[in-house]
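Remarks on the overall topology
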Amino acid sequence: MGIERQTRAYTMAELMVTAAAREIRDGEVVFVGMRLPLLSFQLAASAHAPNAIGVYELGIIRNAPAPEPILTMGDLPNLYRAQWLADTLDVMSLLQRGDVNMSFIGGAQVDRFGNLNTSYIGGITPGKIETRLPGSGGACDLACLAKRHIIIMTHEKRRFVPRVDYITSPGYGDGTGWRERVGLMRGGPTAVITTLGVLRFDPATCEMILDSVHPGVTVDQVLASTGWELRVAPEVRQTPEPTTDEMALVRRFDPQGFWTGE
Amino acid sequence: MMDPMPTTKLISLSQAITQFVPDGATVVLGVGLESCIPFAAGHEIIRQRKRDLTLVGPISDMLFDQLIGAGCARAVRAAWVGNVITGSGYNFRRAVENGNIQIEDHSNLTLALALRAGAMGVPFLPTRTALGSDLFSTNTSLKTITCPFTAERLTAVSAITPDVTILHVQRADAGGHAHLWGNFGVAREAALASRHIIICAEEIVAAEVIERDPNRVIAPGLRVSAVVHAPWGAHPSPVPGYYNRDHQMFLDYQRDSQTPEVFAKWQAKWVDGAKTSDAYLELLGQERIAELRLKNHARAEAVDYGY
């Protein structure tokens, strides 16, 4: 513990990209979101999950990393030798049918049951709205329809709140049985990868539990950065560091450090 | 009744916007999500000082923010409004936070289905998304229903039937037949749901170029109202086969939209100061244009449509 940031061979974002990539199992169909997940999918497909298949909401399916670095899923290298170029409704239909194993979404605000807000901070009426965020995009669909989803977040007390102001992307609602009650037929978040650690969900209560802390981060730091009394796994592990091979791949996909620089 | 011998639909961008985007219209833009966003058409809407538009689109990478900043929009029906690689759209944020715009919050799937319902001529379509979300509280086009066959709880998405969809494509003929390739986003749904379609094309080609490859035609020409020659008209978004995404423009826009004052300067330079595609390209500069052009061509084999 206590390795100084400057002396590390990787940035926090690189650690998060790697941790997210490791959630992808070989052969899985992955609905790839914007930002860090763009890199995580390419990393996984180049490392431990060569048979993973990437699905992108603008209507792309591809099973290999783009031949050149990309900043958005619509960058032309991401279309080159894709396995399918189609309609948003086509790829969303795959998702709705249950053909997508996992997906990633990011958020501004999350609560203990993994409900995610990327729409409104404060309230929904003028005067009450403190901050208007960009909205769902495909995130609500991924949270509702993928077999599981992974949340990627900055870990701060103002973002980790007891109850989100607005559910853009449903997690487990108010706990056990909620997804079934509202009509969601599958899925739910299985991990939250933050700037401090990795959290998972108690299968019995659907509540978030601290599973691992990143190197140099203490459990107390995580607790102090969480807006409710966070449950902690009996034995909190340290998030595995990226290997040299993984680091080389991340830097190949993000050579300028646009997503993973300091 | 369709005209058996269609006359040319080729008109100027300015004419197309004047004729088919009246004040108060519901307009679909940015159907490709990150690609083929009709920025040139959006900028012409700003130059013509259109007002009270309802903007419809899934992601609208940056263009909606510009139209909102310029005061053109009364309402937005979208899944996401911002700048994809930087996050927030500041004009959008200001307008919502100050109560200056009406918002209907969609997901990409509910928006695609709303347009598909419009395209199909049905009042709604069912889906399993959005259940349990708060989209229902900020979108009156969504309601929960019980399936008449299975008794499952579902989301019903009300149809959207826009006045006009503006599609940016690679090539079109003067009669309104257009080739689009790459990812399609919600292009088909939006085009078929709308009363009018404006095609903005990188190139205008002979009808036979389009006819020789009918699978690539994105919407039936009989539904197209106007064809516009708009080279580089999707810049800074990418167009497959033509040019790459100009990331720098999106990065600069984050700075250039942070306050109404800097946005006004941005608009004066890039919209009001570049009234034609030639003027816009001159502003962009030869070096930048050359950098964005394709470096690696990857042509597909021709297919045989013969008999």
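Description of the structure in this document. (Residues numbered from 1 in each chain as written. Chains lettered and ligands numbered in written order. Predicted model: local features only at pLDDT ≥ 70, side-chain atom pairs only at ≥ 80, totals over all residues. Heavy atoms only, no water.)

With that settled, the discussion passes to the overall build of chain B. Counting secondary structure elements, chain B contains 11 helices and 13 strands. Taken against the 2.2 N^0.38 rule, which gives 19 Å for 307 residues, the C-alpha radius of gyration of chain B at 19 Å falls within 12% of a compact globule. Its C-alpha atoms give chain B principal-axis dimensions of about 60 × 55 × 40 Å. Looking at the 307 residues of chain B, the share that counts as buried comes to 58%. Contacts spanning at least 24 positions in sequence make up 73% of the contacts within chain B whose residues lie at least 6 apart. Taking the average location of the 28 positive side-chain charges in chain B and that of its 31 negative ones, the two points are 3 Å from each other. (Helix = DSSP H or I, 4+ residues; strand = E, 2+ residues; numbered from the N terminus. Rg over C-alpha atoms; globule rule 2.2 N^0.38 Å. Buried < 20%, exposed > 50% of the residue type's maximum accessible area, 1.4 Å probe, protein only. Contact = heavy atoms within 4.5 Å. Lys, Arg positive; Asp, Glu negative; His and termini not counted. Charge placed at Lys NZ, Arg CZ, Asp CG, Glu CD.)

So, on to helix α1 (residues 13-20) of chain B. All names here are of chain B. Among the residues of α1, those classed as buried are Leu13, Ala16, Ile17 and Phe20. Down the axis of α1, the sector holding all buried residues measures 95 degrees, keeping them to one side. Buried residues in α1 make contact with α2 (39-47), β10 (164-172), β12 (196-204) and β13 (224-229). (Arc of directions from axis to C-beta.)

What follows deals with the sheet that holds strand β7 (residues 124-127) of chain B. Residue and element names in this part refer to chain B. Spatial strand order, β7-β9-β8: three strands in an open sheet with antiparallel pairing. Unpaired on one side and paired on the other, β7 and β8 (142-146) mark the two borders of the sheet. Pairwise comparison of adjacent strand axes, ignoring direction, gives a mean angle of 35 degrees for this sheet. Across four bridges, the pairing between β7 and strand β9 (residues 153-158) is antiparallel. By the bridge assignment for β9, Leu125 is matched with Val157. Its contacts with the sheet place helix α5 (residues 108-120) against β7, β8 and β9, and it is angled at close to 145 degrees to β7. (Pairing = 2+ DSSP bridges. Axes fitted to C-alpha atoms, helices over the stretch in contact; angles between N-to-C directions.)

Residues and elements named next belong to chain A. Positionally, Ser212 belongs in strand β13 (residues 208-213). Take Ser212: its relative accessible area is 2%, and that puts it in the buried class. As a C-alpha pair, Ser212 and Gln238 span 26 residues in sequence and 5.0 Å in three-dimensional space. With residues up to four places along the chain from it excluded, the contact list for Ser212 reads Gly197, Val198, Val236, Arg237, Gln238 and Thr239. Of note is the side chain of Ser212, whose polar atom sits 2.8 Å from the side chain of Thr239. (Polar contact = N/O pair within 3.5 Å; in protein donor to acceptor, adjacent residues only side chain to side chain.)

Moving on: the nonpolar core. Among the nonpolar cores identified, the biggest contains 183 residues, and B:Ile166, B:Ile198 and B:Ile199 are the most heavily contacted of them. Two domains each provide a minimum of three residues to this core, namely domain 1 (1-100 + 241-262) and domain 2 (104-239) of chain A. Aside from chain neighbours lying at most four places away, what touches B:Ile199 is B:Leu167, B:Val169, B:Ala172, B:Ala178, B:Val224, B:Ala226, B:Val227 and B:Val228. (Core = buried A, V, L, I, M, F, W, Y, C linked by side-chain atoms within 4.5 Å. Domains from an automatic or database assignment.)

When two helices pack together, their arrangement is captured by the angle between the axes and the distance separating the axes. Residue and element names in this part refer to chain B. Between α1 and α2, whose axes approach to 10 Å, the crossing angle comes to 65 degrees. Note on packing geometry: the crossing formed by α1 with α2 is right-handed. Residue-level contacts link Leu13, Ser14 and Ile17 of α1 to Ala40, Ala41, Glu44 and Ile45 of α2. Its residues assigned to classes, the contact of α1 with α2 shows five nonpolar, one polar and one charged. (Left-handed = near helix turned anticlockwise from the far one by under 90°. Nonpolar A, V, L, I, M, F, W, Y, C, P; charged D, E, K, R; others polar.)

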